[in-house]
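What follows is each chain in one-letter form.
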Amino acid sequence: MALATKGASSTSQKIGQLIDYASATLEQISPTPRLDAEILACHASGLSRSQLITQTHHALNDSGCEQLRLLLQRRLKGEPIAYITGHKEFWSLDLKVTPGTLIPRPETEHLVEQALSHIPPDRPFSVADLGTGNGAIALALASERPQCQIVATDIADKAIAVARQNALNLGLGNIEFRQGDWFAPLSDAQFDLIVSNPPYVRQTDPHLVEGDVQFEPTAALASGAQGLDAIYKLVTQASTFLAERGWLVLEHGYDQAEAVRDLLQGAGFSHCTMYRDLNDQPRVSEGRK
Ligand code: GLN
């Protein structure tokens, strides 16, 4: 079964069959063809995922079929699902994403968990999220800790615009977004905790030109020959912007834990600890001023 092509006369087609077709087609390019097909079908039909499952006989009209065909074409060219739909879920929040921002990864939820473990639920606390992108980390923290005051920075004004929009959509008022390079927009403020998911991929890593990643902004992913340039900057400068006993919590590559620990210890941090992600890979490290 093929999706109606533009200009051809067609009758409406059942959504269940369309998903089967789209899923089979996507097998050549996606590790998650069925999921991708369902998300695209939701986008084209306006149905929710649960409606899709219970209403497999729902018929998509010609314009719905045409829309699904166009979405499928984009995915077949490799474009990430999140850029096609303009949305990605992170920490159970529905977030807007654009090609100007990194697509939030599930493993970054570990960074949020680790940051949250230091933030008291019932009293004011100040946090800076550096390189916030679409705001995922700051928004997750703000949603869990309403008393927390967060400043989120990013060098890309397009990212800041998306992050602001996300805060507005979610009704989260306790984040201030500022455009600028890492610490630059913080002026002389000091924070109880600084968190960041900086770019940490080696500049020559072949993954940067493969799969979904090739569509993402390189500046949000790659950072020098060892992938450590941004992390070096963050670790060596953080103390100036941390209150006494304040925490620095960072995401990094699976093979960078040792280098990050050395950097943290070299910069005088105590309580240096590394945490692994669900794949048992080193992913988050922290230290205390
Ligand atoms: N974990 C991401 C990846 O492998 C990298 C994210 C980052 O550089 N902050 O694509």
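Relevant structure appears above.
Residues numbered from 1 in each chain as written. Predicted model: local features only at pLDDT ≥ 70, side-chain atom pairs only at ≥ 80, totals over all residues. Heavy atoms only, no water.

Let's talk about the overall build of the chain
We count it as follows: What counts as a helix is a DSSP run of H or I of at least four residues, what counts as a strand is a run of E of at least two, and both are numbered from the N terminus. Type-normalised accessible area, obtained with a 1.4 Å probe on protein chains alone, sets the label of each residue: buried when under 20%, exposed when over 50%, and partly exposed for intermediate values. Contact definition: two residues touch when any of their heavy atoms are within 4.5 Å. The Shrake-Rupley method, run with a 1.4 Å probe sphere, supplies the accessible areas, and residue values consider only the shown protein chains as cover. Asp and Glu are treated as the negative residues and Lys and Arg as the positive ones, with His and the ends of the chain left uncounted. Charge placement uses NZ in Lys and CZ in Arg. For Asp and Glu, CG and CD serve respectively.
Helix and strand counts for the chain come out as 10 helices and 11 strands. Structurally, the chain occupies a C-alpha span of about 70 × 40 × 30 Å along its principal axes. Per-residue burial over the chain gives 51% buried out of 289 residues. In the chain, once contacts between residues fewer than 6 apart in sequence are set aside, the share between residues at least 24 apart is 64%. Here the chain displays about 13700 Å² of accessible surface, and carbon together with sulfur accounts for 50% of that area. Counting 24 positive and 34 negative side-chain charges, the chain places the centres of these two groups 3 Å from one another.

A closer look at the sheet that holds strand E5 (residues 125-130)
Adjacent strands of a sheet form backbone hydrogen bonds with each other and so pair up, either parallel or antiparallel. For clarity, the threshold we go by: In this analysis, strands are considered paired if DSSP registers two or more bridges between them. Here an axis means a line fitted to C-alpha atoms, over the contact stretch when the element is a helix, while the angle between two N-to-C directions is reported on a 0 to 180 degree scale.
Pairing is mixed across the open sheet formed by 7 strands, whose spatial order is E7-E6-E5-E8-E9-E11-E10. Each having just a single partner strand, strand E7 (175-179) and strand E10 (270-276) make up the two edges of the open sheet. Along the sheet, successive strands turn relative to each other by an average axial angle of 15°, direction set aside. The pairing of E10 with strand E11 (residues 282-288) spans 5 bridges and is classified as antiparallel. Bridge pairing in E11 links Thr273 to Glu286. Together, strand E6 (148-154) and E7 form the strand contacts of helix H8 (residues 157-170), whose direction differs from that of E7 by roughly 165°.

Regarding the packing of helix H1 (residues 15-26) against helix H4 (residues 62-76)
Helix packing for two helices is described by the angle between their axes and how far apart those axes are. Convention followed: An angle counts as roughly parallel when it lies under 35 degrees, as roughly antiparallel when it exceeds 145, as roughly perpendicular when it falls between 65 and 115, and as oblique in every other case. Rotating anticlockwise by less than a right angle from the far helix to the near helix defines a left-handed crossing, while the corresponding clockwise rotation defines a right-handed one.
Following both chains from N to C, one finds H1 and H4 inclined at 15°, their axes separated by 11 Å at the closest point. With respect to each other, H1 and H4 are oriented roughly parallel. Viewed along their axes, H1 and H4 form a crossing whose handedness is right-handed. On H4, the residues touching Leu18, Tyr21, Ala22, Thr25 and Leu26 of H1 are Cys65, Leu68, Leu72, Arg75 and Leu76.

A look at H4
Filter applied, for reference: Here, expected helix span is obtained from the residue count minus one, scaled by 1.5 Å.
With 15 residues, H4 should reach 21 Å at 1.5 Å per residue; the first-to-last C-alpha distance of 21 Å fits that figure. Elements in contact with the buried residues of H4: strand E1 (13-14), H1, helix H2 (33-45), strand E2 (59-60) and helix H5 (81-85). Following H4 by one or two positions, Gly78 has its phi on the positive side, about 105°.

Some thoughts on the nonpolar core
Condition: The nonpolar core is taken to be a set of buried Ala, Val, Leu, Ile, Met, Phe, Trp, Tyr and Cys residues, with the residues joined through side-chain atoms within 4.5 Å.
If you look at the biggest cluster of nonpolar residues, it comprises 32 residues, and the most contacted ones within it are Val112, Val127, Leu141, Ile150, Ile175, Leu193 and Val195. Here this core takes 7 residues from helix H7 (residues 136-144), the largest share from any one element. If near-sequence neighbours (up to four positions away) are discounted, Val127 is found in contact with Ile119, Leu141, Cys148, Gln149, Ile150, Val151, Phe191, Leu193 and Val195.

Section: the site of the ligand
Short version of the rule: One heavy atom suffices: a residue is near a molecule or strand as soon as one of its heavy atoms comes within 4 Å of it. Whenever a nitrogen or oxygen atom comes within 3.5 Å of another N or O atom, the pair is scored as a polar contact, on the condition that within protein one atom can donate a hydrogen and the other can accept it, and that pairs from neighbouring residues in sequence are kept only if both atoms are in side chains.
Every residue close to the ligand is listed here: Arg105, Glu107, Asn197, Pro198, Pro199, Tyr200, Val201, Ala220 and Leu221. At 2.7 Å, a side-chain N or O of Asn197 approaches a nitrogen atom of the ligand. A distance of 2.9 Å is found between a nitrogen atom of the ligand and a side-chain nitrogen or oxygen belonging to Tyr200. Burial of the ligand by the surrounding chains reaches 84%, relative to a free accessible area of 300 Å².

Notes on the layout of surface pockets
Any empty space left between the atoms is revealed when a probe the size of a water molecule rolls over them. Formally: Cavity: a set of points on a 1 Å grid over the protein atoms alone where a 1.4 Å probe fits but cannot get out. Pocket: an open set with protein on both sides within 12 Å along at least five of seven lines, its lining residues, like those of a cavity, having an atom within 4 Å of a point. Grid points are joined across faces, edges and corners, and a volume is the space filled by probe spheres set on the points. Basically, the charged four are Asp, Glu, Lys and Arg, the nonpolar ten are Ala, Val, Leu, Ile, Met, Phe, Trp, Tyr, Cys and Pro, and anything else, Gly included, counts as polar.
Taken as a whole, the largest pocket spans an internal volume of roughly 890 Å³. Looking at the lining of the largest pocket, the elements that each hand over two or more residues are H2, H5 and strand E3 (87-90). Per-element accounting of the lining of the largest pocket gives the leading share, 5 residues, to H2. Of the residues belonging to the lining of the largest pocket, the class tally is 12 nonpolar, 8 polar and 9 charged.

Focus: helix H9 (residues 229-237)
This is how the line gets drawn: The directions from the helix axis to the C-beta atoms are what the arc is built from.
Restricting attention to buried positions, one finds in H9 the residues Ala230, Ile231, Leu234 and Val235. Projected down its long axis, H9 carries its buried residues within an arc of 125°, all on one side. Those residues of H9 hidden inside the fold are in contact with E5, strand E8 (191-196), strand E9 (242-251) and helix H10 (257-266).

Observations concerning the packing of aromatic side chains
This is how the line gets drawn: Under the pairing criterion, centres of Phe, Tyr and Trp rings, with the six-membered ring standing for Trp, must be within 6.5 Å; the plane angle then separates stacked pairs below 30 degrees from edge-to-face pairs above 60, leaving the rest tilted.
Applying the stated rule across the entire model yields 1 aromatic pair. Taking 4.8 Å as the distance between ring centres and 15° as the angle between the ring planes, the aromatic pair formed by Phe183 and Phe241 counts as stacked. Here the residue Phe183 occupies a position in the loop between E7 and E8, and Phe241 occupies one in the loop between H9 and E9, the gap between them amounting to 58 residues. Taking the relative accessible area as the measure of exposure, Phe183 reaches 4% and is therefore buried.

Things to note about the pattern of salt bridges
Keep this limit in mind: Take a side-chain nitrogen of Lys or Arg and a carboxyl oxygen of Asp or Glu: if they are within 4 Å of each other, that pair is a salt bridge.
Tallying each qualifying case throughout the model produces 14 salt bridges. Arg69 is the partner of Glu66 in a salt bridge, and the nearest nitrogen-oxygen pair spans 3.1 Å. Of this pair, Glu66 and Arg69 both sit in helix H4, 3 residues apart, which is roughly one turn of that helix. In terms of burial, Glu66 and Arg69 fall into one category: buried. Through salt bridges with shared partners, a single network forms among Asp20, Arg34, Glu38 and Arg49.

The values are spatial; any link to function lies outside them.
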